[in-house]
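Examining the three-dimensional arrangement
Residue strings, one per chain:
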Amino acid sequence: MRTRRGLCYPRVMNRCVENSSGRVAKRRKLELAGDCRKILKTSPDYAGGCDFFDALPDDLVLSVLGKLSSTADCPADFVNVLTTCKRLNGLGLHSLVLSKASHKMLAVKASNWSDSAHRFLKLCADSGNIEACHTLGMIRFYCLQNRSSGASLMAKAAISSHAAALYSLAVIQFNGSGGSKNDKDLRAGVALCARAAFLGHVDALRELGHCLQDGYGVKQNIAEGRRFLVQANARELAVVLAANPSAVVPRSWLTCNHQRHVAGAGGGGCPLLSDFGCNVPAPEAHAANQFLSDWFSARAEVGPGPGLRLCSHSGCGRPETRRHEFRRCSVCGAVNYCSRACQALDWKLRHKAECTPVERWADADADEDGENDGNGDDAFDGNGIHEAMDES
């Protein structure tokens, strides 16, 4: 195929021909590859002329649409193209295009959720888009309460090494979400976290670091836990700087408490970023977590269910799937979190200024709730995250 000269694509040429009256008129001729030749009518009043877009091959249009879907900043950027004409609408829903859709293009707002939005995400997931598998899996598992289907979609994304899906499954394993307290599998949660951390997921790195520090689901190794926390915070800063490449880093981002010391092998201090006192901006929530937050915020009166609570970290959005599933702050008992990573982030963002010790909060809640499902209500160990982030 000789593509250098563009011989495989339409080319328009103007040729002068002499009509019966002796006048010279211009005739447009469309030359196609091979023997396919089509001469257009010369009359300017002819409304049924050939559209050059229709002459473009499908593979070229699919390539352009695939590039658009992978770089779209919001769903509207892609949907507006689909509504342009019938051909774009048909080719835009091709599996080659949907499989390349970016997470921003799949960021459906909870206020715009409908059957058509559900079908669109399902179509993307069926096309092999692992981001759509994770997003739709989170929505089905937590919002639509279709646990098996949601977990299957997240597992499909996790098999393809989707870091966020691996971490979401780790949180489910840590909490036994969708089942009873006996369904918790801490070792599986740590294994999934380790895989997501290997792929560079910041929350998974942070979660794995706290698990190693506390001996939660894995043999305690404080030095290794500190190392993972340092990696999480270094990657967190790198993400912030990558999002603002030309910005000057404000001094407030790097403000830390120099009196704070972390017990280590050499006894030196390691004041870094969010886990260790520095003021980097809050990370942007994933599209799936943002959907959960908006979904349950719009249903604040109903909530996730009778007696169920949401994770207190504003960027998470995960709800409990049974009573007393999430663990509470061991100091105040006023907040609850789905994971140690969420507690670490929320401590830095707001809870550090609000946390005040309350005695016997667990007993008071037990008296208020009366008989529960027997699952209890665990608390984050006060010797764990609070001690690790406490500042003098």
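Conventions adopted
- Residues numbered from 1 in each chain as written.
- Predicted model: local features only at pLDDT ≥ 70, side-chain atom pairs only at ≥ 80, totals over all residues.
- Heavy atoms only, no water.
- Helix = DSSP H or I, 4+ residues; strand = E, 2+ residues; numbered from the N terminus.
- Areas by Shrake-Rupley, 256 points an atom, 1.4 Å probe, with all protein chains shown as cover.
- Axes fitted to C-alpha atoms, helices over the stretch in contact; angles between N-to-C directions.
- Parallel < 35°, antiparallel > 145°, perpendicular 65-115°, else oblique.
- Left-handed = near helix turned anticlockwise from the far one by under 90°.
- Contact = heavy atoms within 4.5 Å.
- Nonpolar A, V, L, I, M, F, W, Y, C, P; charged D, E, K, R; others polar.
- Buried < 20%, exposed > 50% of the residue type's maximum accessible area, 1.4 Å probe, protein only.
- Lys, Arg positive; Asp, Glu negative; His and termini not counted.
- Salt bridge = Lys/Arg side-chain N within 4 Å of Asp/Glu carboxyl O.
- Polar contact = N/O pair within 3.5 Å; in protein donor to acceptor, adjacent residues only side chain to side chain.
- 1 Å grid on protein atoms, 1.4 Å probe; cavity = no way out; pocket = protein on both sides within 12 Å on 5 of 7 lines; lining within 4 Å.
- Points joined across faces, edges and corners; volume = space filled by probe spheres on them.
- Phe/Tyr/Trp six-rings, centres within 6.5 Å; stacked < 30°, edge-to-face > 60°.
- Expected span 1.5 Å × (residues − 1).
- Disulfide = S-S within 2.5 Å.

1. Some words on the overall build of the chain
Secondary structure summary: the chain contains 15 helices and five strands in total. Working note: accessible area of the chain is about 21,100 Å², and carbon and sulfur atoms make up 52% of it.

2. A short note on the packing of helix 8 (residues 163–175) against helix 9 (residues 186–198)
Angle between the axes and distance between the axes are the two parameters that describe a pair of packed helices. The geometry of helix 8 relative to helix 9 is characterised by a closest axis approach of 8 Å and an angle of 165° between their N-to-C directions. By the angle class used here, helix 8 and helix 9 are roughly antiparallel. As helix 8 runs across helix 9, the sense of the crossing is left-handed. Two secondary-structure elements touch here, helix 8 through A163, L166, Y167, L169, A170, Q173 and F174 and helix 9 through L186, A188, G189, V190, L192, C193, R195 and A196. Among the residues making up the contact of helix 8 with helix 9, the classes are represented as twelve nonpolar, two polar and one charged.

3. Concerning the environment of L308
Along the chain, L308 falls in the loop between helix 12 (287–298) and strand 4 (327–328). For L308, the residues in contact, after removing those within four places along its chain, are E320, T321, R322 and R323.

4. Section: the side chain of R318
Note that R318 resides in the loop between helix 12 and strand 4. Of the side chains with opposite charge, D203 comes closest to the buried, unpaired R318, at an N-O distance of 6.6 Å. Engagement of the side chain of R318 in a polar contact is seen with the side chain of S168, the distance being 3.3 Å. Residues contacting R318, with those up to four places away along its chain left out, are M138, Y142, Y167, S168, V171, N289, L292, R309, L310, C311, F326 and C338.

5. Section: empty space enclosed by the protein
Going through the model one piece at a time under the given rule, you end up with one cavity of 30 Å³ or more. Here the largest cavity defines a volume of roughly 70 Å³. In terms of lining, the largest cavity is formed by twelve residues, of which the most central are N175, Y216, R327, C338 and R340. Across the lining of the largest cavity, the residue classes break down as five nonpolar, two polar and five charged.

6. A closer look at the packing of aromatic side chains
Considering all chains together, one arrives at four aromatic pairs under this definition. Each ring, one from F174 and one from Y216, has its centre 5.9 Å from the other, and the planes form 40°; the classification is tilted. One end of the pair, F174, is in helix 8; the other, Y216, is in the loop between helix 10 (202–214) and helix 11 (222–243), with 42 residues separating them in the sequence. We classify F174 as buried; its relative accessible area is 4%. Take Y216: its relative accessible area is 15%, and that puts it in the buried class. Relative to W295, the ring of F291 lies with its centre 5.7 Å away and its plane at 25°, an arrangement referred to as stacked. Taken as a pair, F291 and W295 lie in helix 12 at a separation of four residues, close to a single helical turn. The class of F291 is buried, set by a relative accessible area of 2%.

7. A short note on the environment of C133
Along the chain, C133 falls in helix 6 (residues 130–143). Taking C-alpha positions, C133 is 9.9 Å from L123, a pair spaced ten residues apart along the chain. Dropping the residues within four chain positions of it, C133 is found in contact with A125, L153, M154, K156 and A157.

8. Digging into helix 7 (residues 147–159)
Over its 13 residues, helix 7 runs 18 Å from end to end, which matches the ideal 18 Å to within 8%, given 1.5 Å per residue. Within the sequence span of helix 7, burial applies to S149, G150, L153, M154, A157 and A158. Taken together, the buried residues of helix 7 touch helix 5 (115–126), helix 6 and helix 8. Among the residues trailing helix 7, S161 stands out with phi positive, at a value near 65°.

9. Some points on the state of the cysteines
Applying the stated rule across the entire model yields zero disulfides. We note that C133 lacks a disulfide partner, and the nearest cysteine sulfur, in C124, lies 9.5 Å from it. A residue is classified by how much of its surface remains accessible, and C133, at 1% relative accessible area, is buried.

10. As for the packing of helix 6 against helix 12
At a closest axis distance of 9 Å, the pairing of helix 6 and helix 12 adopts a crossing angle of 30°. In terms of orientation, helix 6 and helix 12 fall into the roughly parallel class. Crossing geometry of helix 6 relative to helix 12 is assigned as right-handed. Across the interface between the two elements, H134, T135, M138, I139, Y142 and C143 of helix 6 pack against A288, N289, F291, L292, W295 and F296 of helix 12. Looking at side-chain class alone, the contact of helix 6 with helix 12 contains nine nonpolar, three polar and no charged residues.

11. Concerning the side chain of S293
Looking at where S293 falls in the secondary structure, it is placed in helix 12. Classification of S293 by relative accessible area gives buried; the value is 14%.

12. Notes on the pattern of salt bridges
Pairing is possible between side chains of opposite charge, provided their charged atoms come close. Counted by the stated rule, this structure contains eight salt bridges. In this structure, the salt-bridge partner of D126 is K122, at a minimum N-O distance of 2.7 Å. Remark: K122 and D126 occur in helix 5; sequence separation between them is four residues, near one turn of the helix. D126 gets classed as partly exposed once you look at its relative accessible area, which sits at 49%. For K122, a relative accessible area of 30% gives the class partly exposed. A salt bridge links R340 to D214; its shortest N-O distance comes to 3.1 Å. One end of the pair, R340, is in helix 13 (residues 340–354); the other, D214, is in helix 10, and 126 residues separate them in sequence. Each of the salt bridges in this network shares a partner with another, and the network as a whole consists of D346, R350 and E354.

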